[in-house]
Amino acid sequence: MTTSPVTDNAIAGPEAGQVLPIPFAMPDEAALGRLADYVISSLGAVAAAADPARGASLGPAPAASPEFFNAASPLPAANAPATPALSPAIAAPPGGAELYVLAEAQARRLAALSPGQAAPPASVPAVAATPWTSAPEGSDDLRRAVGGLESWLRDPSTAGRSDPWQPAIPAGVALSSYPAFDVGGVRRDFPILSEYVNGRPLAWFDNGATTQKPQAVIDRLARFYAHENSNVHRAAHALAARATDAYEDARATVARFLGAASPEEIVFVRGTTEAINLVAQSLGRQIVGAGDEIVISHLEHHANIVPWQQLAEEKGARLRVIPVDDSGQILLDAYTRLLTDKTKIVAVSHVSNALGTITPVAAIVEQAHRVGAKVLIDGAQSVSHLRVDVQALDADFYAFSGHKIYGPTGIGIL
């Protein structure tokens with residue numbers, strides 16, 4: 001008996017020679033059940049062979065050998081002679097078991113290791129792994145596992161290649177200790193990443209400018225226009241009530257996300273630029289006068305420069321700039337020397353949009369408050385990467401844009 005190949009609209013079963021049809025349009029429960037049984041049995045077999053000590057808790061498993069891996073993986077190595085198929089009679093993994101789904105090429109890499117060999121031969125491709133971190137009946141984990149098989153289910157000609165979106169595991173690193181990160185699963189959350197540009201899958205690196213939107217955000221926007229669309233705080237009918245509730249729920253969500261003391265602290269604006277201009281043209285006009293000073297840094301986006309330039313010119317104030325060193329770090333000593341009783345506003349970025357520098361905002365806020373100045377933090381580049389607690393930070397204003405944190409365009413927070 002030999003391992004059975006995968007064909008169009010079919011997947012090899014755990015028994016040699018068994019091929020299960022997979023109707024891609026609308027699979028029925030029986031087909032899904034057969035697919036689940038196949039995935040779970042192969043999971044146990046491959047995991048047991050990769051880690052016999054752990055596999056012992058799952059039931060008897062054959063020794064880690066090329067034949068065994070070929071049995072656990074439905075596709076034989078290219079140009080390899082047929083090998084005897086072994087049916088992995090292994091129990092389903094227990095809840096919380098840390099198992100791994102291995103692609104066919106990855107299984108061959110492990111199979112190539114001889115006993116006691118610490119690293120694979122250079123000619124064997126690198127391994128990538130997707131963790132199975134909960135009980136097999138967990139629908140989310142099963143969906144992720146099935147998703148990892150998607151490329152060679154749809155196109156058997158790709159079966160010899162590992163998923164290009166899975167990270168390579170360095171030679172000698174044990175699978176069980178490698179950090180779990182399912183790149184393919186993350187990409188599937190973003191519909192636009194299924195697009196092809198110049199014949200290749202889209203890889204998006206322009207998150208500093210704007211982020212792509214996950215399916216959950218797209219679905220929520222569609223739900224609003226399909227079921228809740230109305231003016232907020234402007235009517236007494238049912239749709240207006242739904243829209244207003246959603247609007248205020250969003251305000252409360254942002255307050256929790258930022259650690260604000262109350263939802264009443266959250267002001268919706270169109271983006272970070274409008275938030276900065278709102279502060280400059282309201283509070284700024286009130287507290288800045290002739291001879292006063294406004295402090296910014298050399299790291300600022302122009303949206304956090306121009307409003308203060310305009311205000312300083314209008315009021316006859318002076319704009320002071322905090323210098324940075326050769327690595328783009330703010331020079332705190334120089335900043336301290338800039339602060340005087342004439343300093344009315346300090347406006348700095350939490351993270352530089354150009355260099356990625358994380359500024360010492362806590363120290364900047366504390367020193368500014370010592371001289372009675374108000375502080376605005378531009379959080380457009382930080383809020384999606386750093387945990388922000390505005391109460392602990394104690395800045396007077398914190399601003400960011402929704403479109404840079406996977407939200408819709410045209411919404412921002414002050």
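Before going further, it helps to examine the packing of aromatic side chains. Enumeration according to the criterion identifies three aromatic pairs in this entry. With 5.2 Å between their ring centres and 80° between their planes, Phe224 and Tyr225 make a pair best called edge-to-face. Under the relative-accessibility criterion, Tyr225 is labelled exposed at 59%.

Their axes nearest at 9 Å, the elements helix 10 (residues 272–281) and helix 12 (residues 306–315) cross at an angle of 15°. Between helix 10 and helix 12, the angle is such that the two are roughly parallel. Crossing of helix 10 over helix 12 shows right-handed handedness. On the side of helix 10, the interface is formed by Ile276, Asn277, Val279 and Ala280, while helix 12 contributes Pro307, Trp308 and Leu311. Each residue belonging to the contact of helix 10 with helix 12 can be placed in one class, and the counts come to six nonpolar, one polar and no charged.

The next point concerns the pattern of salt bridges. Going through the model one piece at a time under the given rule, you end up with nine salt bridges. The salt bridge partner of Glu366 is Arg370, with a shortest N-O separation of 3.1 Å. Placement of the pair is Glu366 and Arg370 together in helix 14 (residues 361–370), with a separation of four residues, close to one helical turn. Several salt bridges share partner residues, and in doing so they unite Arg220, Arg223 and Glu228 into one network.

Computed from the structure, the largest pocket encloses a volume of approximately 1000 Å³. Lining the largest pocket are 28 residues, with Leu221, Ala250, Phe268, Pro408 and Ile411 sitting closest to its centre. Here the lining of the largest pocket gets eight residues from one element, more than from any other, and that element is helix 9 (residues 238–258). Looking at the lining of the largest pocket residue by residue, the classes come out as 19 nonpolar, six polar and three charged.

Moving on: the side chain of Arg251. The residue Arg251 is located in helix 9 in this model. Exposure remark for Arg251: the relative accessible area of 14% places this residue in the buried category. A distance of 2.7 Å separates a polar atom in the side chain of Arg251 from the backbone oxygen of Ile266. Ignoring any residue separated from it by four or fewer positions in sequence, one finds Arg251 in contact with Pro263, Ile266, Val267 and Phe268.

This part is about the sheet that holds strand 12 (residues 397–401). Reading across the sheet, the seven strands line up as 7-13-12-11-10-8-9 and stay open at both edges, with mixed pairing between neighbours. Sheet topology places strand 7 (268–269) and strand 9 (318–322) at the edges, where each strand pairs with a single neighbour. Where strand 10 (residues 343–349) lies against strand 11 (residues 374–378), five bridges are found, and the strand directions are parallel. Pairing of Val346 across the sheet is with Val375, part of strand 11. Its contacts with the sheet place helix 10 against strand 7, strand 11, strand 12 and strand 13 (412–413), and it is angled at close to 155° to strand 12. Helix 12 rests against strand 8 (293–297), strand 9, strand 10 and strand 11 of the sheet, and its axis sits at about 160° to strand 8.

Rules behind the numbers
Residues numbered from 1 in each chain as written. Predicted model: local features only at pLDDT ≥ 70, side-chain atom pairs only at ≥ 80, totals over all residues. Heavy atoms only, no water. Phe/Tyr/Trp six-rings, centres within 6.5 Å; stacked < 30°, edge-to-face > 60°. Buried < 20%, exposed > 50% of the residue type's maximum accessible area, 1.4 Å probe, protein only. Axes fitted to C-alpha atoms, helices over the stretch in contact; angles between N-to-C directions. Helix = DSSP H or I, 4+ residues; strand = E, 2+ residues; numbered from the N terminus. Parallel < 35°, antiparallel > 145°, perpendicular 65-115°, else oblique. Left-handed = near helix turned anticlockwise from the far one by under 90°. Contact = heavy atoms within 4.5 Å. Nonpolar A, V, L, I, M, F, W, Y, C, P; charged D, E, K, R; others polar. Salt bridge = Lys/Arg side-chain N within 4 Å of Asp/Glu carboxyl O. 1 Å grid on protein atoms, 1.4 Å probe; cavity = no way out; pocket = protein on both sides within 12 Å on 5 of 7 lines; lining within 4 Å. Points joined across faces, edges and corners; volume = space filled by probe spheres on them. Polar contact = N/O pair within 3.5 Å; in protein donor to acceptor, adjacent residues only side chain to side chain. Pairing = 2+ DSSP bridges.

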